[in-house]
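What the coordinates show
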Amino acid sequence: MRFTSSSVFALGLVAPSLAFPHPKRGSPNPARAAAVKAAFQTSWNGYQQFAFPHDDLHPVSNGFDDGRNGWGASAIDGLDTAIIMGATDVVNTILQRVPQINFTTTAVANQGISVFETTIRYVGGLISSYDLLKGPYSSLVTNQTLVNNLLTQAQSLANGLKVSFNTPSGVPDPTVFFNPTVRNSGASSNNIAEIGSLVLEWTHLSDLSGNPQYGQLAQKGESYLLKPTGSPEAWPGLVGTFVSTRNGTFQDSNGSWSALSDSFYEYLIKMYLYDPVAFANYKDRWVLAADSTIAHLASHPTTRKDLTFLSQYSGKTTSPQSGHLASFAGGNFILGGILLGEQKYIDFGLKLTDSYYATYSQTASGIGPEGFQWVDSANPSGTQPPSSQSAFYSKSGYWVTAPYYILRPETLESLYYAYRITGDAKYQDLAWNAFNAITKATRAGSAYSAINDVTQANGGGPSDDMESFWFAEALKYAYLIHAEESDIQVKPNGGNKYVFNTEAHPFRVRRA
């Protein structure tokens, strides 16, 4: 299609005049980018030596696991990061492996396959790498057969996963099986994150393959979330968590911007970026949710009213608790503000980004915890911190409820978006601080490991696990915030050519 001048702004191709202070302007920092690339290489070397082609490395014991069905999760999830970093040897090693993977079965009989995790990590990693190697990084690989295998294998995997949608409503079943027969689990419900975070990958797979069925299936499942029925929305746009696979009705009115809900809200505005005409209604739902979040879920701790966290909710009752997963929301609000030309979303996103980063800066390790809680200043008589953490709460505005850290990326993700929209070097510095704290506390054995307790200066010791999102997300965002300008970088002035899925895999947006 062709865009008239009056439609250009609406499609996010030209940004409005947005108001920002005059910060110290950041610029690419090759030395920092190289340090992040070195951490990626260390991680890859450990994985390749002790775990490849299995899923995940246990870096302390130098063992491995196949918790993602044994198809090489860390390799496929990390491929586009290696491409972006120009790690040619890593890229070629993975590309040689891709056609050898049998995505039609699992080595273990009756092993469940998470449709959500498989979609965001495997399908997402394959088609993103295909996009990059057919586009801005085409000079990295000359063998086009190896590149084409990425799309072929993504289709092979999706063709098996399609059985997920064989439910009475078309709401996808969360789990499928390939061995000994292809079937779904028959679950009676699924959560909105797992239903609503397939649509970007499956729609893009349709666009790349020319087979419309993939997108149609995911969009049918999503339709029940866009027009909710059953248990009512807590507030406009803020829906419940579980949806019936029988008839698509909501079974509760509970939710958050965290686990089981998070990426549903994330994808609403990202589908609009992917195609702002076809998915304008997704944007409308995001606006409803965003406005209700600002009005009802934004919460300020009694001891640190300068901080803004996002509460959970059950109906219209809110609970002041959150965690590392929710820290992506700052970046999502910033992205929405860029695309819609709405300063209020950018301002709110920056507040969230600064506040969730504060959970890092207050701990002895310099890393934020998996879960935390606070006393809402609007309800100061609510649950108080345990006596052992009262002094910490007075200083920090939260207390820790789950002290571990599993190499999560969400705080780095929001710092990345904050830097890209403001250009403020402050956010590069915060990301650099976070990266250094993470790599210091998690360096263990042959690579990097999840840790037990961020409240201890040494991280409380390793738990001997390195999930694939360390390659796909944490290291990618830590790298991109210091890297040179490129087509895949988020654009503060419109004209975005790529959209990142929830696993940080960049997909080329639709064009005329």
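Residues numbered from 1 in each chain as written. Predicted model: local features only at pLDDT ≥ 70, side-chain atom pairs only at ≥ 80, totals over all residues. Heavy atoms only, no water.

Some remarks on the side chain of Arg 121
Under the convention used in this document: What counts as a helix is a DSSP run of H or I of at least four residues, what counts as a strand is a run of E of at least two, and both are numbered from the N terminus. Burial here depends on accessible area, computed with a 1.4 Å probe over protein chains only, as a share of the maximum for the residue type. Under 20% is buried, over 50% is exposed, and the range in between is partly exposed. N or O atoms within 3.5 Å of each other form a polar contact, as long as, within protein, one can give a hydrogen and the other can take it, and as long as residues adjacent in sequence are counted only when both atoms are side-chain atoms.
With respect to the helices and strands, Arg 121 occurs in helix H5 (residues 115-134). Judged by its relative accessible area of 3%, Arg 121 falls in the buried class. A polar contact is formed between the side chain of Arg 121 and the side chain of Glu 467, at a distance of 3.0 Å.

Comments concerning the sheet that holds strand S14 (residues 371-373)
The condition is simple: Between any two strands, pairing holds if DSSP finds at least two bridges. Axes, fitted as lines to C-alpha atoms, cover a helix only where it is in contact. Angles between the N-to-C directions of the axes lie from 0 to 180 degrees.
Taken in spatial order, the 3 strands of this open sheet run S13-S14-S15, and their pairing is antiparallel. Edge strands, defined here as strands with exactly one partner in the open sheet, are strand S13 (321-323) and strand S15 (399-402). For this sheet, the mean inter-axis angle between neighbouring strands, taken without regard to orientation, is 35 degrees.

Re the nonpolar core
Let me state the cut-off plainly: Each nonpolar core is a collection of buried residues, namely Ala, Val, Leu, Ile, Met, Phe, Trp, Tyr and Cys, held together in the definition by side-chain atoms within 4.5 Å.
Counting residues in each nonpolar core, the largest one holds 158 residues, and the members touching the most others are Trp 257, Tyr 265, Trp 286 and Ile 367. With 10 residues, H5 is the single largest residue contributor to this core.

Focus: helix H10 (residues 262-274)
We count it as follows: A helix is expected to span 1.5 Å multiplied by its residue count minus one. Fitting axes to the seven residues ending at a residue and to the seven starting there, one defines the bend at that residue as the angle between these axes.
Taking 1.5 Å per residue, 13 residues should reach 18 Å; H10 reaches 19 Å between its end C-alpha atoms and fits that length. At Leu 268, H10 shows its maximal bend, which comes to roughly 30 degrees. For H10, the buried fraction is high: 13 of the 13 residues fall into the buried class.

Considerations on the packing of helix H8 (residues 199-209) against H10
In helix packing, the relevant descriptors are the interaxial angle and the interaxial distance, both defined with respect to the helix axes. Defined as follows: The labels follow the angle: roughly parallel below 35 degrees, roughly antiparallel above 145, roughly perpendicular from 65 to 115, and oblique for the rest. The contact criterion used throughout is that any non-hydrogen atoms of two residues lie within 4.5 Å.
Interaxial distance between H8 and H10 falls to 10 Å at its minimum, and their mutual angle equals 20 degrees. As judged from the angle between their axes, H8 and H10 are roughly parallel. Counted together, Val 199, Leu 200, Glu 201, Thr 203, His 204 and Asp 207 of H8 and Tyr 267, Met 271 and Tyr 274 of H10 form the full contact between these two elements.

With respect to the sheet that holds strand S5 (residues 183-184)
Pairing in this open sheet of 3 strands is antiparallel, and the strands run S3-S4-S5 from one edge to the other. If you trace the sheet from one side to the other, it starts and ends with strand S3 (113-114) and S5, each paired once. Across 2 bridges, S3 lies against strand S4 (residues 175-177) in antiparallel orientation. In the strand pairing of S4, Ser 114 is matched with Thr 175.

Focus: helix H13 (residues 343-361)
Its 19 residues place the ends of H13 27 Å apart at the C-alpha level, agreeing with the 27 Å of an ideal helix rising 1.5 Å per residue. Most of H13 sits inside the fold, with 14 of its 19 residues counted as buried.

Notes on the packing of aromatic side chains
In plain terms, the rule: Aromatic pairing here means that ring centres of Phe, Tyr or Trp (its six-membered ring) are within 6.5 Å. Orientation follows from the plane angle: under 30 degrees is stacked, over 60 is edge-to-face, and everything else is tilted. We call a charge positioned over a ring when the NZ of a Lys or the CZ of an Arg lies within 6 Å of the ring centre and within 35 degrees of the ring normal.
Within this structure, the stated rule accounts for 37 aromatic pairs. Relative to Phe 348, the ring of Phe 333 lies with its centre 4.9 Å away and its plane at 70 degrees, an arrangement referred to as edge-to-face. Of the two residues, Phe 333 sits in helix H12 (residues 329-340) while Phe 348 sits in helix H13, which places them 15 residues apart along the sequence. Accessibility expressed as a relative area gives 0% for Phe 333, which makes it buried. What links up through ring pairs into an aromatic cluster is the set Trp 257, Phe 264, Tyr 265, Trp 286, Phe 328, Phe 333, Tyr 345 and Phe 348. Between the NZ or CZ atom of Arg 443 and the centre of the ring of Tyr 448, over which it lies, the distance is 5.5 Å.

What to know about unusual backbone geometry
The step from Phe 52 to Pro 53 runs through a cis peptide bond, and the omega angle for that step is 10 degrees. With respect to the helices, strands and loops of the structure, Pro 53 is situated in the loop between helix H2 (30-50) and strand S1 (56-58). Look at the link from Asn 179 to Pro 180: it is a cis peptide, with omega at 10 degrees. By secondary structure assignment, the location of Pro 180 is in the loop between S4 and S5. Its identity as a non-glycine residue notwithstanding, Asp 464 has a phi of 65 degrees, on the positive side.

Re the layout of surface pockets
Rule in force here: Of the grid points, spaced at 1 Å and generated over the protein atoms alone, those admitting a 1.4 Å probe that cannot get out make up cavities, while open sets with protein on both sides within 12 Å along at least five of seven lines make up pockets; any residue with an atom within 4 Å of a point is treated as lining. Grid points are joined across faces, edges and corners, and a volume is the space filled by probe spheres set on the points. The residue classification treats Ala, Val, Leu, Ile, Met, Phe, Trp, Tyr, Cys and Pro as nonpolar and Asp, Glu, Lys and Arg as charged. All others, Gly included, are polar.
In this structure, the largest pocket encloses a volume near 450 Å³. For the lining of the largest pocket, the elements supplying multiple residues, two or more each, are H5, helix H7 (192-196), H10, helix H15 (410-422) and helix H17 (469-480). Counting residues per element, the lining of the largest pocket draws most heavily on H5, at 4 residues. Its residues assigned to classes, the lining of the largest pocket comprises 10 nonpolar, 3 polar and 12 charged.

Focus on the UniProt feature "binding site: Ca(2+)" (unreviewed entry) in the protein chain
Stated precisely, the cut-off is as follows: UniProt positions are given in the numbering used here, feature names are shortened, and annotations may be inferred rather than shown by experiment.
The UniProt record marks Thr 502 with the feature "binding site: Ca(2+)" (unreviewed entry), using the residue numbering of this structure. Along the chain, Thr 502 falls in the loop between strand S18 (498-500) and strand S19 (506-508). What Thr 502 contacts, discounting residues up to four positions off in sequence, is Ile 120, Ser 263, Glu 266, Tyr 267 and Glu 473.

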